[in-house]
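Results of the structural survey
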Amino acid sequence: MGLTPKKFPWFLLCSLFTAISLTSSQPNAPPPLSPDADLCNGVFVSYTYNTGSKIKPNDTKNQPYRFESEIAVVNNGRDELKSWLVFVGFSNREILVSASNAVLSDGSSFPVSVENGTTFAGYPSADLKSAIMTAGDVTQMQARVELVGTQFGLAPPNTPLPNNITLVNEGWLCPKATQRGRNVLEVCCTPDPNNKTVPLGEKYLPRQQGDLTIMYDVIRAYKSKYLAQVTIENHNPLGRLDNWKLSFLWMKDEFISFTKGAYPSVVDSSDCIDGPQGKYYQDLDFSNILSCARRPTIIDLPLTKYNDSALGLKPFCCRNGTILPPSMDPSKSKSVFQMEVLKMPPNLNISAISPPQNWQIKGNLNPDYKCGPPVRVSASQFPDPSGLPSNWTAFASWQVVCNITQPATPSCCVSFSSYFNDSIIPCNTCACGGCSSNRVSRTCSTTSPALLLPQQALLMPFENRTKLTTAWANIQRWKLPDPLPCGDNCGVSINWHLATDYRGGWTARITLFNWGETDFADWFTAVEMKNAGPGFEKAYSFNGTTIEINTKNDTILMEGLPGLNYLVAERDGKNPSKDFRVPGKQQSVISFTKKLTPGIKVGSGDGFPTKVFFNGQECSLPLALPTNNGYKRHISTMLLMVIPLLALLILQV
C-alpha cells in the first residue's frame with residue numbers, strides 16, 4: 001500500500017516564496033558597533049577596517065591594496081551634535097576613492113591622497129540628534145561612512161589602521177583613540193566643561209571666523225528653484241584675491257539658469273540636455289541656461305559690466321575678481337553675486353534646499369585657501385531695499401569658512417643688501433620652483449647656492465646676469481660651481497636694502513620688481529619686523545602703516561600712492577634687439593627711529609624683515625644676511641671703477 005503525499009496549502013507556499021524573496025532583497029545591515037559604544041555618554045567615534053585585497057600592478061616594493069573600512073559617529077550625549085567633523089589620521093599612504101554619507105571638509109574631490117590624514121564632514125545629514133530628542137531612534141543619532149580606497153605596504157591579513165581618529169568639533173574633548181581587537185580604532189569624546197565659545201544644544205551653530213568667509217544665502221525659494229546670494233568676504237589683513245575663481249560641487253543634479261554680478265567661466269548646457277535634467281524639464285529652453293556642469297567655476301565681471309541691467313547692478317560686484325584686504329580698503333574687501341538654481345526630483349518642495357559642497361577659491365599669484373564644508377547658521381539679514389528702517393531675512397543661510405595655507409612653492413622672493421657690503425644676497429636657487437624637470441637639472445644646478453650679485457645685476461633678467469656675476473665672483477676670488485646655479489624662477493622679486501644706521505635711527509630701501517607678464521593694480525607688500533616694527537616712521541614713496549597680526553603690531557603694510565598703485569609687467573628695452581628686458585619697478589625709502597626700540601641691532605639682523613608678503617602671498621627669504629665681516633668693502637677704488645665698465649661692455653655685446 002503506497003503512501004499518499006499530503007497536499008500542502010497553496011497559499012502557504014506563496015507566503016513562503018514571498019518571504020524568501022523579501023528577505024533576499026533586504027540590504028545588508030551595518031555591522032554592529034563595539035560594545036564600548038553603549039558605555040560612552042558623549043560622542044562615540046570608531047574606525048573599522050573590514051576587508052582588503054591585492055590589486056594591480058604587481059610590485060614587490062610598492063604594492064597597492066584595496067581597502068574597505070567604515071567610520072561610525074554616534075551621538076550618545078544630551079544635545080544635538082551640529083555639523084559633525086571627524087579627523088582620521090591615515091598612515092599608509094592611502095588614496096581615498098569614495099566615501100558615503102560624508103564629504104571631505106577641505107573641499108577635495110575623489111580620488112584624493114589622504115596620506116597625511118583628512119577630516120570628514122557629514123553629508124547630506126550633517127547633524128546628529130540625541131536619544132532624548134528622538135526617543136532612542138539610532139538612525140537619527142548616528143552616521144555610518146563607508147570608505148573605499150587604496151593603501152600601500154600592508155598586505156592582508158595585516159590591518160592598515162590609522163594612527164588616530166577624533167572628533168574635531170569645538171566644545172568637545174577626545175582622549176587618544178584606543179585599538180579594540182585587530183581592526184577597530186575607537187574613542188569616546190565628552191563635552192568640554194570649560195567650553196564657553198560654542199553653545200551646545202542651540203538650533204544653529206554660531207558664525208565662525210576665518211581668513212575668508214563665503215555666505216550662501218537663499219533669498220527666494222520656490223518649489224523647483226531658488227535664488228541664492230553668494231558673498232565672498234576677506235577678513236585677513238594681508239589676504240587678497242586677484243581674478244578670483246570660485247568653484248563648488250552640486251550634489252543633487254542642480255544647475256544654474258542665470259547669474260547677476262558674476263558669470264560662469266564656461267557657458268554650456270549640454271550636460272543637462274544629455275542628462276536627467278533634459279528628461280524632466282522637457283519644455284525648458286536650455287539655450288538660455290548658463291551652466292549644467294556638476295562643478296561649475298564662477299568668475300567676477302569686469303568693471304565695464306557694473307551698470308549692465310542684465311548682468312550687473314549689484315553692490316560689490318564687477319571688479320575683475322579683485323578682493324583687497326580690509327586694512328587697505330574695506331569697501332573692496334568683498335564680492336557679491338546672485339544665481340538662480342533649478343532643482344531636480346525628489347527635492348521638489350520649497351524647503352528641500354541642499355547647498356553645494358567642496359568649495360574652492362583661487363586667485364592669480366595669491367595665497368592658497370582651504371575651505372571647509374557649508375555649515376547651517378542663523379538666517380542672514382539685509383537692509384530693506386525700499387529704504388524702510390527694517391531688515392528682511394533670508395530663507396536659509398550657510399557659511400563656508402576658508403583659511404590661508406601658503407603654497408609649497410611661492411611666486412615671489414626676496415634679496416638682501418646693505419650699505420656695509422658690496423654684494424647682494426640674491427633670491428634662493430629655485431625659490432619659486434620650476435626646477436624639477438630633467439632638462440633643467442642638466443643645464444644648471446638646482447642645489448648650489450645662488451651666486452652673490454654686484455649692485456648692477458639687480459635690474460638684469462636672470463638669463464642675462466651670467467657674465468656679470470661670474471666676473472664679480474672672479475674679482476672676489478670666489479670658487480664658481482659647475483654647473484652654475486639655476487635661477488629663482490619668480491615672477492616678482494623684492495630687494496630690501498639697509499641704507500643707513502645712525503645714533504637716532506636708520507633707513508632702508510625696498511624695491512619691487514615685476515618679472516612676469518601680469519600687471520598688478522592696487523598691489524601691496526608687507527614686511528614683518530620682529531624687533532624694529534614699533535620704530536617705523538614713514539615710507540616716503542609708498543603709503544605705509546603698521547598693522548596688527550596675531551596680536552603683534554610689528555608688520556608694515558605698504559601700497560602705492562594714488563596714481564602710483566600700478567606695478568607693470570616686464571617689457572622690452574628701448575632697443576629690443578640689443579637691450580635687456582626691463583622689469584616693472586616700484587621703490588621707496590623707509591625711515592625708522594630707535595627711540596621706541598632701545599638696544600636694537602640694525603646691522604646684525606634687526607634691520608631685515610623676518611617675513612615678506614606680496615599681494616598676500618609669503619615670499620621666499622634668503623638663507624643668510626649681509627655681514628660686515630665677510631664680504632665687506634675691501635676692493636680698491638680701481639676695482640670699483642672696473643665693475644661699471646664691465647657692465648657697460650656686457651650691455652654692448
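Worth saying up front: this structure is predicted, and the values here are computed from it rather than measured.

1. Description of the overall build of the protein chain
Each helix and strand in the protein chain was counted, giving 10 helices and 38 strands. When the backbone C-alpha atoms are referred to their principal axes, the protein chain occupies close to 135 × 70 × 55 Å. By the burial criterion, 48% of the 653 residues in the protein chain qualify as buried. In the protein chain, of all internal contacts separated by at least 6 residues, the share reaching a separation of at least 24 is 70%. Total accessible area on the protein chain stands at roughly 33,100 Å², and carbon and sulfur atoms take up 53% of it. Looking at charge distribution, the protein chain has the averaged site of its 58 positive side-chain charges lying 4 Å from that of its 52 negative ones.

2. As for the layout of surface pockets
Taken as a whole, the largest pocket encloses approximately 950 Å³ of empty space. Lining the largest pocket are 38 residues, and of these Pro124, Ser125, Ala126, Asp127 and Trp398 lie nearest its centre. Broken down by secondary-structure element, the contributors of at least two residues to the lining of the largest pocket are strand S7 (118-122), helix H4 (138-141), strand S8 (142-152), strand S22 (375-377) and strand S25 (396-405). Counting residues per element, the lining of the largest pocket draws most heavily on S8, at three residues. The residue inventory of the lining of the largest pocket, partitioned by class, reads 19 nonpolar, 11 polar and eight charged. Looking at which domains feed residues into the lining of the largest pocket, each of domain 1 (35-191) and domain 2 (212-406) supplies at least three.

3. Examining unusual backbone geometry
With an omega dihedral of 5 degrees, the bond running from Tyr123 to Pro124 counts as a cis peptide bond. In this fold, Pro124 is placed in the loop between S7 and helix H3 (131-134). Of the consecutive residues Asp482 and Pro483, the connecting peptide bond is found in the cis state with omega at 5 degrees. As for its placement among the helices and strands, Pro483 is situated in the loop between helix H8 (466-476) and strand S28 (492-501). Notably, Asp522 is not glycine yet its phi reads approximately 55 degrees, a positive angle. Locating Asp522 in the fold gives a position in the loop between strand S30 (520-521) and strand S31 (524-528). What makes Asp522 partly exposed here is its relative accessible area of 23%. Positive phi outside glycine occurs at Asn615, with the angle close to 50 degrees. For Asn615, the location among the structural elements is in the loop between strand S37 (611-614) and strand S38 (617-618).

4. Brief notes about empty space enclosed by the protein
A full pass over the atoms with the stated rule returns one cavity of 30 Å³ or more. Along its surface, the largest cavity is lined by Lys252, Glu254, Lys343, Met344, Asn347, Ala352 and Ser354.

5. A few points about the state of the cysteines
Tallied over the full model, the rule gives 10 disulfides. The side chain of Cys40 participates in a disulfide bridge whose partner is Cys188; the two sulfur atoms lie 2.0 Å from each other. Its torsion about the S-S bond being 85 degrees, the disulfide of Cys40 and Cys188 is classed as right-handed. Of the two residues, Cys40 sits in the loop between helix H2 (36-39) and strand S1 (43-54) while Cys188 sits in strand S12 (residues 184-191), which places them 148 residues apart along the sequence. Of the residues examined, Cys40 reaches a relative accessible area of 2% and is grouped as buried. On the basis of relative accessible area, Cys188 is assigned to the partly exposed category, the value being 27%.

6. A closer look at the sheet that holds strand S27 (residues 421-425)
The strands that make up a sheet are held in pairs by hydrogen bonds between backbone atoms, and each pair lies either parallel or antiparallel. Strand order in this open sheet of six strands is S27-S26-S28-S29-S36-S32, and the pairing throughout is mixed. Of all the strands in the sheet, the pair left with one neighbour each is S27 and strand S32 (536-539). Taken over all neighbouring pairs, the strand axes of this sheet differ in orientation by 20 degrees on average, direction set aside. With two bridges joining them, strand S26 (residues 412-418) and S27 adopt antiparallel strand pairing. Considered in S27, the bridge of Ser418 is made with Asn421.

7. Points about the environment of Ala394
The residue Ala394 is located in the loop between strand S24 (391-393) and S25 in this model. Once the C-alpha coordinates of Ala394 and Val218 are considered, the two residues, 176 residues apart in sequence, prove to be 5.9 Å apart. Not counting the four nearest positions on each side in its chain, Ala394 is found in contact with Asp217, Val218, Ala379, Ser380 and Phe382.

8. Some thoughts on the side chain of Ser423
The topology assignment puts Ser423 in strand S27. Of the polar contacts made by the side chain of Ser423, one reaches the side chain of Trp472; its length is 3.1 Å.

9. A look at the packing of aromatic side chains
Counted according to the given criterion, the structure contains 18 aromatic pairs. Ring geometry for Phe255 and Tyr281: centres 5.7 Å apart, planes at 80 degrees, overall edge-to-face. A residue pair is termed long-range when its members are at least 10 positions apart, and Phe255 in strand S16 (residues 255-260) and Tyr281 in the loop between helix H6 (276-280) and strand S18 (297-300) qualify at 26 residues. Where Phe416 meets Phe608, the ring centres are 5.0 Å apart and the plane angle is 55 degrees; that geometry is what we call tilted. Here Phe608 lies in the loop between helix H9 (602-606) and S37 and Phe416 lies in strand S26, a separation of 192 residues in the sequence. Comparing Phe416 with Phe608 shows no difference in burial state: the two are buried. Of the aromatic side chains, those joined through ring pairs into one cluster are Tyr216, Tyr226, Phe248, Trp250, Trp359 and Trp398.

10. Here we look at the confidence of the model for the protein chain
Here the protein chain averages 89 in pLDDT, and 91% of its residues register 70 or above. In the model, residues 1-6 has pLDDT below 50 throughout and makes zero contacts with residues more than four positions away in sequence or in other chains. Across residues 630-653 the pLDDT falls below 50, and counting only partners more than four positions away or on other chains, this stretch makes 34 contacts in the model.

11. Some details on the domain arrangement of the protein chain
Per the domain assignment, the segments of the protein chain are domain 1 (35-191), domain 2 (212-406) and domain 3 (412-619). Taken over C-alpha atoms, the centre of domain 1 sits 31 Å from the centre of domain 2. Each side of the interface is counted separately: domain 1 has 11 residues, and domain 2 has 13 residues. Of the roughly 910 Å² buried between domain 1 and domain 2, counting both surfaces, carbon and sulfur atoms make up 50%. Contact with domain 2 buries surface across domain 1, with Asp106, Gly107 and Tyr123 losing the most and accounting together for 49% of the total. Counting across the interface, domain 1 meets domain 2 through zero salt bridges.

12. A few points about the pattern of salt bridges
Within this structure, the stated rule accounts for 12 salt bridges. With its nearest N and O atoms 3.6 Å apart, the salt bridge here joins Glu80 to Lys129. Here Lys129 lies in the loop between S7 and H3 and Glu80 lies in the loop between strand S2 (64-75) and strand S3 (85-88), a separation of 49 residues in the sequence. Relative accessible area serves as the criterion here: at 14%, Glu80 is assigned to the buried category. You can call Lys129 partly exposed: its relative accessible area is 29%.

Scoring rules and cut-offs
- Residues numbered from 1 in each chain as written.
- Predicted model: local features only at pLDDT ≥ 70, side-chain atom pairs only at ≥ 80, totals over all residues.
- Heavy atoms only, no water.
- Helix = DSSP H or I, 4+ residues; strand = E, 2+ residues; numbered from the N terminus.
- Buried < 20%, exposed > 50% of the residue type's maximum accessible area, 1.4 Å probe, protein only.
- Contact = heavy atoms within 4.5 Å.
- Areas by Shrake-Rupley, 256 points an atom, 1.4 Å probe, with all protein chains shown as cover.
- Lys, Arg positive; Asp, Glu negative; His and termini not counted.
- Charge placed at Lys NZ, Arg CZ, Asp CG, Glu CD.
- 1 Å grid on protein atoms, 1.4 Å probe; cavity = no way out; pocket = protein on both sides within 12 Å on 5 of 7 lines; lining within 4 Å.
- Points joined across faces, edges and corners; volume = space filled by probe spheres on them.
- Nonpolar A, V, L, I, M, F, W, Y, C, P; charged D, E, K, R; others polar.
- Domains from an automatic or database assignment.
- Disulfide = S-S within 2.5 Å.
- Pairing = 2+ DSSP bridges.
- Axes fitted to C-alpha atoms, helices over the stretch in contact; angles between N-to-C directions.
- Polar contact = N/O pair within 3.5 Å; in protein donor to acceptor, adjacent residues only side chain to side chain.
- Phe/Tyr/Trp six-rings, centres within 6.5 Å; stacked < 30°, edge-to-face > 60°.
- pLDDT = per-residue confidence, 0-100.
- Buried area = accessible area lost by both parts, 1.4 Å probe.
- Salt bridge = Lys/Arg side-chain N within 4 Å of Asp/Glu carboxyl O.

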